[in-house]
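Read off the chains here:
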Amino acid sequence: MVHSIFIVAKKEFMDNFRNNWIIALSAILAILALLASYFGSRDLEWQDFEFTIRIIIMPVQFLIPIIGLMLGYATIIGEIEKGSMGSLLSHPVTRNEIILGKFLGLGSVISTTIFIGFGIAGVIIAINISNPDVGLYILFIVASILLGLAFMSLSLFFSSFFKKRSSAMVGVIMLWIFFNMFWGFLMFGLLIFTTSGGLSTPDWFHQLQLLNPTVAYSYINQNFIENHWIILSLIAWSIIPMILAFLIFKRRDI
Amino acid sequence: MVKRTVICPNCKNQVTLQGSSREKIYVTCPNCNQKGVFTFLEDKTDLKTINQSYTIEVNNLTKFYNGFKAVDNLSFNVKQGEIFGFLGPNGAGKTTTIKSILGLTLSSLGNIKINGSDIRKNFKEIKKNIGYQPERVAFYDNLTALQNLYFYSEIKNAPKKDCMKLLGEFGLKDLANKRVGTFSKGMTQKLGLIRAVLGNPSLLILDEPSIGLDPQGVLLVREKIRELNKRGTTVFISSHILSEVQEVCDRVGIINKGVLIAQDTISELSKKLKIKPKIIVELEKISDRIVEAVKKVEGIDKLEISGNKIEIICDSKTRGKVVLAIGNTGGNILNVQTKETSLEEVFMKYTGG
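A brief structural summary. All residue numbers refer to position in the chain's written sequence, counted from 1. All chains are assigned letters beginning at A, and all ligands numbers beginning at 1, according to the order in which they are written. It should be noted that, the model being predicted, local features are given only for residues of pLDDT at least 70 and side-chain atom pairs only at 80 or more, the latter also being counted only at that level, while totals for whole chains, interfaces and linings use all residues. By convention in this description, side-chain values take in all heavy atoms of the structure and omit both hydrogens and water.

**Some points on the overall build of chain B**
- Helix numbering and strand numbering both begin at the N terminus, where a helix is a DSSP run of H or I of at least 4 residues and a strand a DSSP run of E of at least 2. Secondary structure summary: chain B contains 11 helices and 18 strands in total.
- Seen through its principal axes, chain B has C-alpha atoms that stretch 70 × 55 × 55 Å.
- With 353 residues in all, chain B has 49% of them scored as buried.
- The long-range fraction of contacts in chain B, counting pairs at least 24 apart against all pairs at least 6 apart in sequence, stands at 62%. Accessible area is worked out with a 1.4 Å probe on protein chains only. A residue is then buried under 20% of its type maximum, exposed over 50%, and partly exposed in between. For this analysis, residues touch if any pair of their heavy atoms sits within 4.5 Å.

**Topic: the environment of Arg-289 of chain B**
Residues and elements named next belong to chain B.
- With respect to the secondary-structure elements, Arg-289 resides in helix H9 (residues 288-296).
- Distance from Arg-289 to Gly-331, taken between C-alpha atoms, is 9.1 Å for residues 42 residues apart in sequence.
- Not counting residues up to four positions away in its chain, the partners in contact with Arg-289 are Asn-328 and Thr-329.

**A short note on the interface of chain A and chain B**
- The interface is formed by 33 residues belonging to chain A together with 29 residues belonging to chain B.
- For any pair of parts, buried area is found by adding up, for both, the accessible area (1.4 Å probe) each one loses once the two are put together. When the buried area of chain A at its contact with chain B is split by residue, Lys-82, His-91 and Pro-92 of chain A rank highest and sum to 23% of it.
- We define a salt bridge as a side-chain nitrogen of Lys or Arg found within 4 Å of a carboxyl oxygen belonging to Asp or Glu. Scanning the region where chain A abuts chain B turns up 4 salt bridges.
- With a closest N to O distance of 3.1 Å, Lys-10 of chain A and Glu-154 of chain B form a salt bridge.
- Here a polar contact is taken to be a pair of N or O atoms separated by no more than 3.5 Å, where protein atoms must pair a possible hydrogen donor with a possible acceptor and residues adjacent in sequence count only if both atoms sit in side chains. Connecting chain A to chain B are 18 residue pairs in polar contact (both at pLDDT 80 or more).
- Of all the elements in the fold, those that place two or more residues in the side of chain A that touches chain B are helix H1 (2-17), helix H4 (77-82), helix H5 (84-89) and helix H6 (95-128) of chain A.
- Among the elements that make up the side of chain A that touches chain B, the one with the highest residue count is H1 of chain A (8 residues).

**Considerations on the packing of helix H3 (residues 145-156) of chain B against helix H5 (residues 185-197) of chain B**
Residues and elements named next belong to chain B.
- Every axis in this analysis is a line fitted to C-alpha atoms, fitted for helices over the stretch in contact. Angles between the N-to-C directions lie between 0 and 180 degrees. With their axes 10 Å apart at the nearest point, H3 and H5 run at an angle of 20 degrees to one another. Here H3 lies roughly parallel to H5, going by the angle between them. The hand of the H3/H5 crossing is right-handed. The residues of H5 that touch H3, namely those facing Ala-145, Leu-149, Tyr-152 and Lys-156, are Leu-191, Ile-194, Arg-195 and Ala-196.
- When residues are grouped by polarity, Ala, Val, Leu, Ile, Met, Phe, Trp, Tyr, Cys and Pro land in nonpolar, Asp, Glu, Lys and Arg in charged, and all others, Gly among them, in polar. Of the residues assigned to the contact of H3 with H5, the class counts are 6 nonpolar, no polar and 2 charged. In this scheme, roughly parallel covers angles under 35 degrees and roughly antiparallel covers those over 145, while 65 to 115 is roughly perpendicular and the rest are oblique. Crossing handedness is read from the near helix: turned anticlockwise from the far helix by less than a right angle, it gives a left-handed crossing, and turned clockwise, a right-handed one.

**Digging into the side chain of Ser-90 of chain A**
- Tracing the backbone through its elements, the reader meets Ser-90 of chain A in the loop between H5 and H6.
- When residues no more than four places from it in sequence are discounted, the contact partners of Ser-90 of chain A are Leu-102, Leu-104, Lys-127, Ile-130 and Tyr-132 of chain B.

Laid out in structure tokens, this is it:
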């Protein structure tokens, strides 16, 4: 079983890492972090990791989900439509191994992209500042990778669920809009409704925000919720949609 | 003479057999009386079990798509070592049947066995011995031909060195390191066949294998099918090109509206339909006397004259009488040719086309 998963993962990695846009995204993430660190303050000098993360987290919480969703939305339905899924399934490999292999392969692509992009930027920033908080920056990279995995896992679920590639694409766009735009209105409305315009934000409000992986990610190092809960939430978001993808794909006619 | 030790699929008893290459023998296990057939293959030296008589057994297969019955209580068998043609008009249920055999669609009812094993149990092991070429051949476009084949050979646990060898045999060696996305339909089709034969499967399922191929490609595919079959591979072909099926298949199954309406050799199906062959007698000169004499022969269904040829549809017993009648008139016969029933005729009769 492990052998087949590894082979599928390796193929996914090779197939997707050849896409130049993945390499370009690494460069974009690196440039984004460097710009945030150097041009983020009025002083035009290198800022520490805490400052850099605070500046960069906003664009990253929009960008990384897009990478994750675009990477995975066609991985099942695209192969079914094209015909390569039928050929693959005629080989000695199970459907669960394919899903797991794809998750690992695409997960490696997104992890490598983020790691290289933010890693290079991190090294450059660390050289130029005194007493860098490396632990905090590593936490930021880990959370960014988990955010990517969460959305990639969601796209895997959409790719298994929808019967057309175009529907899966519309589905992931709607999901992105929901988490990044509609969610804010929803939570704000809920807050007004439940607190009757009170000034303090109740604890449950922040806990409820863990139901949105992008908000959970933006809470990193913000003291609303402890970091380990945020990481756990992102891990759950990475695993649960993949399990649902398993269940749907298992019963699907190719 | 070669010796093989095989394992009884029922009681796991080891049985030693002796025979010559390509010889098919009927085996009875001395321990449990399990019956089976074993073929001494040319290239395979390590067959581990007594092969069952049937490579594919489809029993009462029924498949619904949103309430529509695509396949209706379908039952048929494909014998071990034969080339079986699976025919039917568009939408007859051919692809659904193939997909069910491969576990790509989950059958609503019925069961399917491959080499005696139910595909619902341990299908991963069963699939190690299956090669499949779908009608719509697709690969991973960003990867090269060789990278694609390496991927499938790794999944199948087949030797990687075979990939380059097969690319050479199919005339694609120069394209080994080219991205498959740049391939023409014909090249992709050939690559699809290479993928199907990787690892020397004992069952080859081909869905329209000649689509998109040039005449040389068609001949190459036909040659490969025969070659693999000679080595003991059972071949299941679904094709619209009836002449191709007639050329290579031992038996055919005809499906229409999800129901299997016939299954036999082409000659047996012709007999069942009472389709008689055609004899073409070429003469130096055709006279009214000759035509009258032929018309008088009993058992003639149809007589047509074209140039200096008389085409007669009659059964095999009448053929001799026709030739004799022409000879008695003094006609000078240049050539007598028998044209057997074409699969096309059989197919049209069965499907009502």
